Amino acid sequence: MDTGGESADTPSARTGTSRAGAPSEGATRTGISRAGTPRTGAAPADTSTSSTGAPPARGDRSAQTRRDGRTNGTGHQPPGGDHTAGMGQDRRAQRRQRLLTTALGLFTTRGYTGTSIERICAGAHVSIRAFYEEFESREAVLIALHNDVARAGMEAALTVLSDPAAESASTRERITALTHAYVDAVTADPAATRIAFIEVVGAGQALDDHRLLWRGLWAGFLTGEAERAVGRGEAVPRDYTLAMVALIGAVNELMAHWARDSGSLTRRRLAGELVHHALATLGIPPGGPAADEGE
């Protein structure tokens, strides 16, 4: 839950009984540029004549060349045009993914501060110019990696709440199911977990702002769950806003602890401890190990 409210690439959140939007790709990647497609070579000069029988003027010839280049001289789009464009988009997507995968490995082994853009490009076999067509900075790469983990956690929670049975479930049942789904999602790749809960800390103002936006989103989501619990008579009526901010901080610290030494703490035990903290925040008595661990 190391994140913050709604960013430009964060769809709107629905608090209350359950829904909160997960940040989408685009705008949270504050460092992604919108580079155009690569320039192609010039089309052959047009040697045709104008409708008057005279050779077209230089400007007209250039315009005609551009038209013929697009339509193969027939006025119609040549076969395979869309396919070629699609292939270009696929190559860019693959290039972007290579940069992210390489950065993930380097940030994990060398640390964010110890990894340069040049090293990322060398490992991904991508030119520095191509790097800047995808990202504005090294920070933007880290934001994209963090956002992948954060979004996975939110989407896992929303998947649990999409089950019709969740509407009538007790607060304990909902919190238990949500927490286990969240932990499974954000720890699926231990390297990515380390990036999201350790490497982002102190990495710069852009990262701090990004995390605060996500944190606000989670605070709204969890406050909505608290209000539902109050409405059902399962939690003490009060303002839970600050309590949820504190809970998010506890979640982040426990996730970072797991990321540093996942071998000494199972995911199941981690999720159980988080469930215990969440229920305690709501004033709901513990129900024993079986209830806390979702058995």
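Residues numbered from 1 in each chain as written. Predicted model: local features only at pLDDT ≥ 70, side-chain atom pairs only at ≥ 80, totals over all residues. Heavy atoms only, no water.

## Observations concerning the overall build of the protein
And step 1. Each helix and strand counted, the protein has 13 helices and 0 strands in total.
And step 2. Put simply, the protein has 295 residues, and 42% of those count as buried.
And step 3. At a minimum sequence separation of 6, the contacts of the protein that also span at least 24 residues come to 71%. (Helix = DSSP H or I, 4+ residues; strand = E, 2+ residues; numbered from the N terminus. Buried < 20%, exposed > 50% of the residue type's maximum accessible area, 1.4 Å probe, protein only. Contact = heavy atoms within 4.5 Å.)

## Quick word on the nonpolar core
And step 1. If you look at the biggest cluster of nonpolar residues, it comprises 69 residues, and the most contacted ones within it are Phe107, Trp218 and Phe221.
And step 2. Top element by residues in this core is helix α6 (residues 138–161). It accounts for 12 residues. (Core = buried A, V, L, I, M, F, W, Y, C linked by side-chain atoms within 4.5 Å.)

## Points about the layout of surface pockets
And step 1. If you add up the space inside the second largest pocket, you get close to 190 Å³.
And step 2. Looking at the second largest pocket, the residues that line it are Gln97, Leu100, Thr101, Leu104, Leu145, Asp148, Val149, Ala185, Val186, Ala188, Asp189 and Ala192.
And step 3. For the lining of the second largest pocket, the elements supplying multiple residues, two or more each, are α3 (81–109), α6 and α8 (171–186). (1 Å grid on protein atoms, 1.4 Å probe; cavity = no way out; pocket = protein on both sides within 12 Å on 5 of 7 lines; lining within 4 Å. Points joined across faces, edges and corners; volume = space filled by probe spheres on them.)

## Brief notes about helix α4 (residues 117–124)
And step 1. Those residues of α4 that fall on the buried side of the exposure criterion are Ile117, Ile120, Cys121 and Ala124. Buried residues of α4, viewed axially, fall in a sector of 95°; they line one side. (Arc of directions from axis to C-beta.)

## Concerning unusual backbone geometry
And step 1. Backbone geometry places His125, a non-glycine residue, at a positive phi of 55°.
And step 2. Note on placement: His125 falls in the loop between α4 and α5 (128–134).

## Here's the deal with the pattern of salt bridges
And step 1. Using the criterion set out here, one finds 10 salt bridges in the structure.
And step 2. Between Arg129 and Glu133 there is a salt bridge, and its shortest N-O distance comes to 4.0 Å. A residue pair is termed a helical-turn pair when its members lie 3 or 4 positions apart in one helix, as Arg129 and Glu133 do in helix α5 at 4 residues.
And step 3. Put simply, Arg151 and Asp148 hold a salt bridge, and the shortest N to O gap is 3.0 Å. Placement of both Arg151 and Asp148 in helix α6 is noted, with a separation of 3 residues, approximately one turn of the helix. (Salt bridge = Lys/Arg side-chain N within 4 Å of Asp/Glu carboxyl O.)

## A word on the packing of helix α9 (residues 190–199) against helix α11 (residues 241–260)
And step 1. With their axes 9 Å apart at the nearest point, α9 and α11 run at an angle of 135° to one another. Our classification of the angle between α9 and α11 gives oblique. Crossing angle aside, the handedness with which α9 passes α11 is left-handed. Contacts between α9 and α11 involve Pro190, Thr193, Arg194, Phe197 and Ile198 from the former and Asn252, Met255, Ala256, Trp258, Ala259 and Arg260 from the latter.
And step 2. Taken together, the residues of the contact of α9 with α11 sort by class into 7 nonpolar, 2 polar and 2 charged. (Axes fitted to C-alpha atoms, helices over the stretch in contact; angles between N-to-C directions. Parallel < 35°, antiparallel > 145°, perpendicular 65-115°, else oblique. Left-handed = near helix turned anticlockwise from the far one by under 90°. Nonpolar A, V, L, I, M, F, W, Y, C, P; charged D, E, K, R; others polar.)

## Quick notes on the packing of aromatic side chains
And step 1. With the rule as written, the count across this model stands at 5 aromatic pairs.
And step 2. Aromatic pair Phe131 and Phe135: ring centres 5.8 Å apart, planes at 40°, arrangement tilted.
And step 3. With a relative accessible area of 0%, Phe131 lands in the buried category.
And step 4. Centre to centre, the rings of Trp218 and Phe221 are 5.3 Å apart; their planes meet at 80°, and the pair counts as edge-to-face. Of this pair, Trp218 and Phe221 both sit in helix α10 (residues 205–231), 3 residues apart, roughly one helical turn.
And step 5. Given the relative accessible area of 2%, Trp218 is considered buried.
And step 6. Judged by its relative accessible area of 1%, Phe221 is buried.
And step 7. Lying over the aromatic face of Tyr112, Arg138 brings its terminal NZ or CZ to 4.2 Å of the ring centre.
And step 8. One Lys or Arg, Arg238, reaches over the ring of Tyr240 and ends 4.5 Å from the middle of that ring. (Phe/Tyr/Trp six-rings, centres within 6.5 Å; stacked < 30°, edge-to-face > 60°. Lys NZ or Arg CZ within 6 Å of the ring centre and 35° of its normal.)

The quantities given are spatial measurements derived from coordinates; they are silent on function.
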